[in-house]
Amino acid sequence: MKEIMDEIDNRNNDNTSNRNDVAPALIAVHPFHLSVAVAIASELRVFDLKGNRSVTLEDDSGGSLHHDLIRAIQFGANGKLFVSAGDDKLVKIWKTDSWHCMNTVNSEKRVSAVAISNDGHYVCFADKFGVVYVVDLLGLDEDKSLINKKATPLLAHYCSIITSLEFSPDGKFIISADRDYKIRVTVFPEKPLAGAHEIQSFCLGHTEFVSCLAFVYGPDYPRGYLVSGCGDSTFHLYAQFQMVHGTSIAVAVQGLPSEFLWMVSGVSSLCGVGSPSLVGVRVLSLSKKFATDTTDEPMVLEDREIPGGEKLLEKLQGSVSIEEKLFPVAAGAMKTAMHNLFTKKQYPAENREFRKRGRNDRKIKQLQHGCCS
Amino acid sequence: MTLLRSPKTPPKPLPFVRKKKEAMALLGLKDMGNNKDDNPKMCKTTGLPRKRFYRARAHSNPLSDSHFPVPLSPSHVDYTLHYPQLFPSPDKVTSSKRIQFADIGCGFGGLLVSLSTLFPETLMIGMEIRDKVTEYVKERILALRLAHPGQYQNVSVVRTNSMKYIPNYFSKGQLSKMFFLFPDPHFKEKNHRRRVISPHLLDEYAYVLGVGGIIYTITDVEELGEWMQACLKEHPLFEALTEEELEADPVVKLLGSATEEGQKVARNGGQTFRAVFRRIDPPSDA
């Protein structure tokens, strides 16, 4: 009996320690295809597509580069700014022309999502307790010195990990998605430092945690569609924040302003802390897909055909070629980590009494039973 | 371990029945039809459930991942389940009414029962996170519906975490009244963010409350009362009701007296702190 008890305790402890050791590789592409950034573990790797060379990042804000897992990266403000944040509780804002880190904001908790407003005036980031903070960047252009900007809370989802943050293309709304199947659309006010109190709507309908959000828009539909991906393996499409039924995902692909779809798969460490990371970059060409009928698979480009070619792969992956067979292991590790983080815990019923053995009210109940019966 | 009451002992004093006439009428009823002889959880004389069998801890962790069904969206809320007489079947909907009153943390249902007869045309619902207490309220409503045919058809209860899932139950501007009676104070500073009235949660309440809708809060903890008052005052989408409006509103008087918690506070001679605010449409910044 004692062995079973110990094992249950160990299992519970293992879950908590493994939960945050593994982070997926992230990729972000400049809106005008000028550069590609990959984040793996605590490293940011950037490749300049326009100049066809790799980029060395320089940090002006007096600190080092990220020293813990990076959880979110995004380009914003029409490509002028880039933000990265993660488990080291730092939000770093970079200027994309020089790739200097202009500012580092301190967060109280580990950051799970970031977004930049379209005009580049505000950066929003969210933590694992559901609070979305906003930092204003006004005046940072003129003043090269580093002002320690303080973030103020903008809005909050009640105690739920925020998985994704996005601004709408017209800049009027900020969208936040969380682990409790909800997507909240809030009016982004003129003075966001006073908080965003007016909720425009909720996009509901998911049955699992919402894992990602994206806006797709084109010149003929500037308002854009909101696409949300979910842990139950579905996508939802929302137009003007009402769900659109029966619309296939091909519509979303058409709206992308680029002809390439960049994908990254990878994990910060394969087994436990200390072991090496793994990153693989793939590019899909979409223009070829559309020429023929839609049943054709989009073409995965060969290493040589990728914009930036082998130089890019060298920089972003760490090496030109990678061990293909390590990917399933990586995928498995990733799946466990995501599951532990996002999916609601199911406590089995059989050891309920054992788990609650330490609770005070249980002891009192036993006493009462002793007296009355 | 449960003891069935022997016929010789006098019946337990009637608990939650407000009018004496009601109580006497119930005492006269012999046959309730609900196999009351076998069910120890129901009081034989009143037909109402006995609190003793539905005791639960006062606290339930609002952060935990409880597993109860949550409707996908407000249109998925099952009105036929909650209000069977008014919505007999999904296709034969006799009314297009929607829920308008919500009692958040309804406890043992005291307020809902009083409101039901005061507003017989309005649909109302109680939200409670504790499993056993929700069961109690369900039994209570069913028993009252049996005892008073035609009445109490407009009230129901659901087990849910209202702080996480309110947008799943109500669409934008659907509610006209929201009640927060004697909420959990969460005394420690680090737990203040878990309070049911907080600047961030007020955004969600402002979303489900229509313009002109009223939010009622009351507590016997002074620090919490001040906190709730401050949060509501600072929120741009809420304004306080004037003294005259408070006097004129029949619901305000029920806040301190209708619920078991309120009655307990009154018995102990404690003070209560009220904050009643209206949801407004703020003028856009000039």
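Residue positions are counted from 1 within each chain, in the order its sequence is given. Working convention: letters from A go to chains and numbers from 1 go to ligands, in the order in which they are written. Residues qualify for local features only when their pLDDT is at least 70, as the model is predicted, and side-chain atom pairs are given and counted only at 80 or more; totals for whole chains, interfaces and linings, by contrast, use all residues. Excluded from the side-chain calculation are hydrogens and water; included are all heavy atoms of the structure.

Looking at an unreviewed UniProt entry, one finds chain B named tRNA (guanine-N(7)-)-methyltransferase and attributed to Dillenia turbinata. UniProt positions are given in the numbering used here, feature names are shortened, and annotations may be inferred rather than shown by experiment. Quoted verbatim from the Catalytic activity (unreviewed entry) field of UniProt, the annotation for chain B is "guanosine(46) in tRNA + S-adenosyl-L-methionine = N(7)-methylguanosine(46) in tRNA + S-adenosyl-L-homocysteine". Checking UniProt for chain B, the heading Subcellular location (unreviewed entry) contains the comment "Nucleus".

The name given to chain A in an unreviewed UniProt entry is tRNA (guanine-N(7)-)-methyltransferase non-catalytic subunit, with the source organism recorded as Dillenia turbinata. The Subunit (unreviewed entry) field of the UniProt record for chain A holds the comment "Forms a heterodimer with the catalytic subunit." Regarding chain A, the relevant UniProt record gives this comment under Subcellular location (unreviewed entry): "Nucleus".

Chemist: Can you explain the sheet that holds strand E3 (residues 155-159) of chain B? Please cite residues and give values.
Modeler: Residue and element names in this part refer to chain B. We treat two strands as partners when DSSP finds at least two bridges between them. The helix count covers DSSP runs of H or I at least four residues long, the strand count covers runs of E at least two residues long, and both are numbered beginning at the N terminus. Read from one edge of the open sheet, seven strands run E3-E2-E1-E4-E5-E7-E6, paired in mixed fashion. At either end of the open sheet lies a strand with only one pairing partner, and these are E3 and strand E6 (238-240). Shown here is a sheet whose adjacent strand axes are inclined to one another by a mean of 20 degrees, direction ignored. In the sheet, strand E1 (residues 99-104) pairs with strand E2 (residues 123-128) via five bridges, with the strands oriented parallel. By the bridge assignment, Ala-102 is partnered in E2 with Ile-125. With respect to the sheet, helix H5 (residues 162-169) is in contact with E1, E2, E3 and strand E4 (175-181), its orientation differing from that of E2 by roughly 150 degrees. The contact rule is simple, with two residues in contact once any of their heavy atoms fall within 4.5 Å. Axes here refer to lines fitted to C-alpha atoms; in helices the fit is confined to the stretch in contact. Angles between the N-to-C directions go from 0 to 180 degrees. Docked against the sheet, helix H9 (residues 250-257) engages E4, strand E5 (209-219) and strand E7 (273-279), running at close to 30 degrees with respect to E5.

Chemist: Got a sec to walk through a positive patch on the surface? Specific residues and values, please.
Modeler: Together, Lys89(A), Lys109(A), Arg110(A), Lys188(B), Lys190(B) and Arg193(B) give the surface a local cluster of positive charge. Mapped onto the secondary structure, Lys188(B) falls in the loop between E4 and helix H6 (199-208). Its relative accessible area of 54% is what places Lys188(B) among the exposed residues. For patch detection, residues must exceed 30% relative accessible area and be free of salt bridges, and they are connected within 9 Å for like charges or within 5 Å for nonpolar side chains (Val, Leu, Ile, Met, Phe, Trp, Tyr). Surface exposure here means Shrake-Rupley accessible area, sampled with a 1.4 Å probe, where a residue is shielded only by the protein chains that are shown. By convention in these notes, a salt bridge is any Lys or Arg side-chain nitrogen within 4 Å of a carboxyl oxygen on Asp or Glu. Residues scored as positive are Lys and Arg, those scored as negative are Asp and Glu, and His as well as the terminal groups of each chain are ignored. A charged residue contributes its charge at one atom only: NZ of Lys, CZ of Arg, CG of Asp or CD of Glu. Accessibility here uses a 1.4 Å probe with only protein chains present; expressed as a share of the type maximum, an area under 20% marks a residue as buried, one over 50% as exposed, and anything in between as partly exposed.

Chemist: I'd like to hear about the UniProt feature "binding site: S-adenosyl-L-methionine" (unreviewed entry) in chain B, residue by residue, with values.
Modeler: Residues and elements named next belong to chain B. When the UniProt feature table is mapped onto this chain, "binding site: S-adenosyl-L-methionine" (unreviewed entry) is found at Gly-105, Glu-128, Ile-129, Asn-161, Ser-162, Leu-181, Thr-259, Glu-260 and Glu-261. Considering the arrangement of structural elements, one finds Gly-105 in the loop between E1 and helix H3 (110-118). Apart from the residues lying within four places of it in its own chain, the contact partners of Gly-105 are Met-127 and Glu-128. Position of Ser-162 relative to the elements: it lies in helix H5. Look at Ser-162 and you get buried, because its relative accessible area is 10%. Other than its neighbours up to four places away in sequence, Ser-162 contacts Ile-104 and Met-127.

Chemist: Describe helix H7 (residues 222-234) of chain B, listing the residues and the values that go with them.
Modeler: Residue and element names in this part refer to chain B. With 13 residues, H7 ought to run about 18 Å at 1.5 Å a step, and its terminal C-alpha atoms sit 18 Å apart, in line with that. Inspection of H7 places Leu-224, Gly-225, Met-228, Cys-231 and Leu-232 among the buried residues, and these make up the whole buried set. Projected down its long axis, H7 carries its buried residues within an arc of 135 degrees, all on one side. Residues Glu-226, Lys-233 and Glu-234 are exposed on H7 and point more than 90 degrees away from its buried face. What a helix should span is 1.5 Å times the count of its residues minus one. It is the directions from the helix axis to the C-beta atoms whose arc is reported.

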